[in-house]
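# Survey of secondary and tertiary structure
Residues per chain are reported as follows:
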Amino acid sequence: MALPPELSVGEVARRSGVAVSTLHFYESKGLIASRRTGGNQRRYMRGVLRRIAIIRIAQRAGIPLEEIKQTFAAIPPDRAPSIREWERAMCRWTETLQQRIDDLTDLRDKLFNCIGCGCLSVTQCPLRNRDDKLAAEGPGPRILITAAERRRRKRTG
């Protein structure tokens, strides 16, 4: 028995594990596409299931929807990515994920050391900014940002 080439919005929601409203949201953001029947019902090509799976995994890994959209820009929204397209996406996302891993590891280690000292020392804390001297370097947690920027420059050479 041949599988139908198109799926209803309810079938895609059931098969992908996302709500119909999420499918509509993804479509409004240009991440997936459907066609309309004569009765104005959405119909999706089967390849959209793989595309939704990729979107969900990428989101879970912290990849912003805009970056997912940019990665998918060269792939027609009515089909799943090819192996080559998937490899290109993974190369791009690997760098983003590695940076996130490095930043989180750095933060974990610094916070662990603070908690590990038993007093959250203001004289030894690696996150300390005595007299707000780092304000001149810009907003945010400058010590962590500077360390992350150094690692990024070192990696990209």
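Calculation notes
As a convention, each chain's residues are numbered from 1 in the sequence order in which they are written. Residues qualify for local features only when their pLDDT is at least 70, as the model is predicted, and side-chain atom pairs are given and counted only at 80 or more; totals for whole chains, interfaces and linings, by contrast, use all residues. The side-chain quantities take in all heavy atoms of the structure and omit both hydrogens and water. Criterion for a salt bridge: a side-chain nitrogen of Lys or Arg within 4 Å of a carboxyl oxygen of Asp or Glu. Helical segments are the DSSP runs of H or I of at least four residues, strand segments are the runs of E of at least two, and each set is numbered from the N terminus. Partly exposed residues are those whose accessible area sits between 20% and 50% of the maximum for their type, while under 20% is buried and over 50% is exposed, using a 1.4 Å probe and protein chains only. To obtain an axis, a line is fitted to C-alpha atoms, over the contacting stretch when the element is a helix, and the angle between two such axes runs from 0 to 180 degrees between their N-to-C directions. Here roughly perpendicular refers to angles of 65 to 115 degrees, roughly parallel to angles under 35, roughly antiparallel to angles over 145, and oblique to all remaining angles. Residue contacts are counted whenever heavy atoms from the two residues lie within 4.5 Å of one another.

### A word on the pattern of salt bridges
Two side chains that carry opposite charge are able to pair once their charged atoms sit near each other. Counted by the stated rule, this structure contains three salt bridges. For Arg35, the salt bridge goes to Glu6, with nearest N and O atoms at 2.6 Å. Of this pair, Arg35 sits in strand E2 (residues 35–36) while Glu6 sits in strand E1 (residues 6–8); the two residues are 29 residues apart in sequence, bridging distant segments of the chain. By relative accessible area, which is 40% here, Arg35 ends up partly exposed. Its relative accessible area of 24% is what places Glu6 among the partly exposed residues. Of the charged contacts in the structure, one is a salt bridge between Glu11 and Arg14, with a shortest N-O distance of 2.7 Å. Taken together, the residues Glu11 and Arg14, both in helix H1 (residues 9–16) and three residues apart, mark about one turn of the helix.

### Some remarks on the packing of H1 against helix H2 (residues 20–28)
It is the contact of H1 with H2, at a shortest axis distance of 9 Å, that shows an interaxial angle of 105 degrees. Looking at the two axes, H1 sits roughly perpendicular to H2. Note on element contacts: H2 touches H1 through Val20, Leu23 and His24, opposite Val9, Val12, Ala13 and Ser16.

Purely geometric numbers; function is a separate question.
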